[in-house]
Amino acid sequence: MENVTIHTTILPIANETDNINLLSVFAADITLTIIACTLSFLGSAFIFSAYCVVDSLRPENETRRLLLYLTVSDLVVAIGNFIGTIRFIIIYENKPFYADSGEALASDSVCVVQSFISATGSMWSFCWNTAIAIHLCVALVYCKNGTWSWKVKIFCHSVCWLLPLSVAIAAAKCEVLGEDFAQVTGTWCWIKSSLSRSDRILWMIISGKGWELVSYFVTCIMFLYLKGYMWRQTTRFNQRRFNDVSLRLRAEDENYLYLWLIGYLLRIWGTLRFFLFVSGNSSNVKPYADINFALAHLESFGDSSKAFFTFILFCIADKTTRRILMNKICRRKRGYEEILQSLNAEPNNDNTFN
């Protein structure tokens, strides 16, 4: 057991000797996290089903396979956050918390395992987001025919799966994973609060935030570049859709450009809280405490719900996938080629989300 003094950052306390019921304080975050995780479980199931039902009818599509890897990563994050939230409820349901008690608190094995799962899934997600951005750029601009070689595929899988896993294992070996009392996360564990401030910041960067910021930078650059490239193709050659430019892509693959925007909108709140923590402005001093508390609600939902919004973008907004799924559900006997021909026959209004 560790003798630690918990430095609360978002607890609404009047003084340090207050008896705090953590479940009442974090009731909204618990509810939002459970709802978001449940939606992600359902969204992931639909994405996996769509891949099996729809993509089995199509020619090989590399981009859809990359989306599958991203969905696995986001599902792992949702599973980890769900486990952490259920643990939080069980541990602190009837246990009072004193801000200055310095009571013996330690990160239990469930907390450590959950931290490992969530951190690994998050790093996987950032890696595959970046891999999709690079893939789209290469397929659209530089290599419009053919597929990835097996050497490139092995390298991509090694970096995106094994490197984050190695970082998470190193964090577990150094015993930095554990309870942080929602200082930078929601009601789940990550880097334990008993570490020194500098060590916590360092490990937050190494095991998540650094990967996230690099992913944001790369995908933003790719988004702007590809949008500019497609604008030039449209004005010069009247090539308005991805499949007009590259044989490796479908028209609906333009939706992947908005995948990164979804990631920004869902996960930026945790990043803002991280910068507040680094700046030292996430204390109980207003207005930072109120801002941090509001951001915690947004982070609780956003960090756990990415798989669900990915499902909306790639199963509902994707016309081909949507039509084929409806065809299967309604037991119609139209084949993939017939559905594809009907879609190609429709006028193109340059609206990806038709």
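What comes next is a walk through the structure. Only a predicted model underlies this, so the values are computations on that prediction, with no experimental measurement involved.

## Digging into the nonpolar core
In this structure, Trp128, Ile132, Leu136, Leu140, Leu226, Leu259 and Trp260 are the most contacted members of the largest nonpolar core, which totals 39 residues. Of all the elements in the fold, those that place two or more residues in this core are helix H3 (62-92), helix H4 (109-142), helix H5 (150-173), helix H6 (197-237), helix H7 (242-245), helix H8 (256-279) and helix H10 (306-316). Among the elements that line this core, the one with the most residues is H4, at 13 residues. Val176, Val184, Ile191 and Met204 belong to the second largest nonpolar core, which has twelve residues in total.

## Brief notes about the packing of H4 against H8
Put simply, H4 and H8 touch, their axes get as near as 10 Å, and they point 150° apart. One element, H4, and the other, H8, form an angle in the roughly antiparallel class. The two elements H4 and H8 meet at a crossing, and its hand is left-handed. Residues Ser122, Phe126, Asn129, Ile132, Ala133 and Leu136 of H4 touch H8, and the partners they reach there are Tyr256, Leu257, Leu259, Trp260 and Arg267. Classifying every residue of the contact of H4 with H8 gives eight nonpolar, two polar and one charged.

## As for the pattern of salt bridges
The full count for this structure, using the stated rule, is ten salt bridges. Residue aspartate 108 is joined to arginine 87 by a salt bridge in which the shortest nitrogen-to-oxygen separation is 2.9 Å. Here aspartate 108 is found in the loop between strand E4 (104-105) and H4, whereas its partner arginine 87 is found in helix H3, with 21 residues between them in sequence. By relative accessible area, which is 25% here, aspartate 108 ends up partly exposed. Among the salt bridges present, the one from arginine 250 reaches aspartate 318, with a minimum N-O distance of 2.8 Å. Separated by 68 residues along the polypeptide, arginine 250 in the loop between H7 and H8 and aspartate 318 in the loop between H10 and helix H11 (319-329) bring together distant segments of the chain. Overall, the relative accessible area of 13% leaves arginine 250 in the buried class. In this structure aspartate 318 comes out as buried when scored by relative accessible area, which is 0%. Shared partners join several salt bridges into a network, and the residues in it are Arg64, Arg250, Asp253 and Asp318.

## A short note on the environment of leucine 259
Within the secondary structure layout, leucine 259 lies in helix H8. Judged by relative accessible area, which is 0%, leucine 259 ranks as buried. A C-alpha to C-alpha distance of 9.6 Å links leucine 259 and threonine 219, two positions 40 residues apart in sequence. Those residues in contact with leucine 259 that lie beyond four places of it in its chain are Leu70, Asn129, Ile132, Lys306, Thr310, Leu313 and Phe314.

## Considerations on unusual backbone geometry
In the Ramachandran plot, glutamate 175 falls in the positive-phi region, its phi being about 55° despite a non-glycine side chain. A positive phi angle, close to 60°, is found at asparagine 238, a residue other than glycine. Tracing the sequence through the fold places asparagine 238 in the loop between H6 and H7.

## Considering the packing of H8 against H10
Put simply, H8 and H10 touch, their axes get as near as 10 Å, and they point 155° apart. In terms of axis orientation, H8 runs roughly antiparallel to H10. Like other packed secondary-structure pairs, H8 and H10 cross with a definite hand, here right-handed. Here Tyr256, Tyr258, Leu259, Ile262, Gly263 and Leu266 of H8 lie close against H10, whose contacting residues are Lys306, Phe309, Thr310, Leu313 and Phe314.

## Some words on the packing of aromatic side chains
All told, the structure shown has 15 aromatic pairs when counted by the stated rule. With centroids separated by 5.1 Å and ring planes inclined at 25°, the aromatic side chains of phenylalanine 46 and phenylalanine 311 adopt a geometry described as stacked. With phenylalanine 46 in helix H2 (residues 27-53) and phenylalanine 311 in helix H10, the pair connects residues that are 265 residues apart, well separated along the chain. Classification of phenylalanine 46 as partly exposed rests on a relative accessible area of 48%. Ring centres of tyrosine 69 and tryptophan 161 lie 6.2 Å apart, and the angle between their planes is 75°; on these two criteria the pair is classed as edge-to-face.

Calculation criteria
- Within any chain, residue numbers begin from 1 and follow the written order of that chain's sequence.
- In keeping with the predicted nature of the model, local features appear solely for residues at pLDDT of at least 70, side-chain atom pairs appear and are counted solely at 80 or more, and the whole-chain, interface and lining totals rest on all residues.
- To obtain the side-chain values, all non-hydrogen atoms of the structure were included, while hydrogens and water were left out.
- For this analysis, a nonpolar core means a set of buried residues of the types Ala, Val, Leu, Ile, Met, Phe, Trp, Tyr and Cys, connected via side-chain atoms within 4.5 Å.
- In this scheme, a residue with accessible area under 20% of its type's maximum is buried, one over 50% is exposed, and one in between is partly exposed, where area comes from a 1.4 Å probe on protein chains only.
- Strands here are runs of E lasting at least two residues and helices are runs of H or I lasting at least four, both read from the DSSP assignment and numbered beginning at the N terminus.
- Note on geometry: axes are lines fitted to C-alpha atoms, helical ones only across the stretch in contact, with angles between N-to-C directions running from 0 to 180 degrees.
- Oblique is the label for every angle not falling under 35 degrees (roughly parallel), over 145 degrees (roughly antiparallel), or within 65 to 115 degrees (roughly perpendicular).
- Definitions for this section: a left-handed crossing has its near helix turned counterclockwise from the far helix by less than a right angle. A right-handed crossing has that turn clockwise.
- Any pair of residues with heavy atoms lying within 4.5 Å of one another is described as a contacting pair.
- Only Asp, Glu, Lys and Arg are considered charged, only Ala, Val, Leu, Ile, Met, Phe, Trp, Tyr, Cys and Pro nonpolar, and every remaining residue, Gly among them, polar.
- Note on definitions: salt bridges are taken to be side-chain nitrogens of Lys or Arg within 4 Å of carboxyl oxygens of Asp or Glu.
- Stacked, edge-to-face and tilted labels apply to pairs of Phe, Tyr and Trp rings (six-membered ring for Trp) whose centres lie within 6.5 Å, assigned for plane angles under 30 degrees, over 60, and everything in between, in that order.

In short, the description is geometric, and any link to function would need to be established separately.
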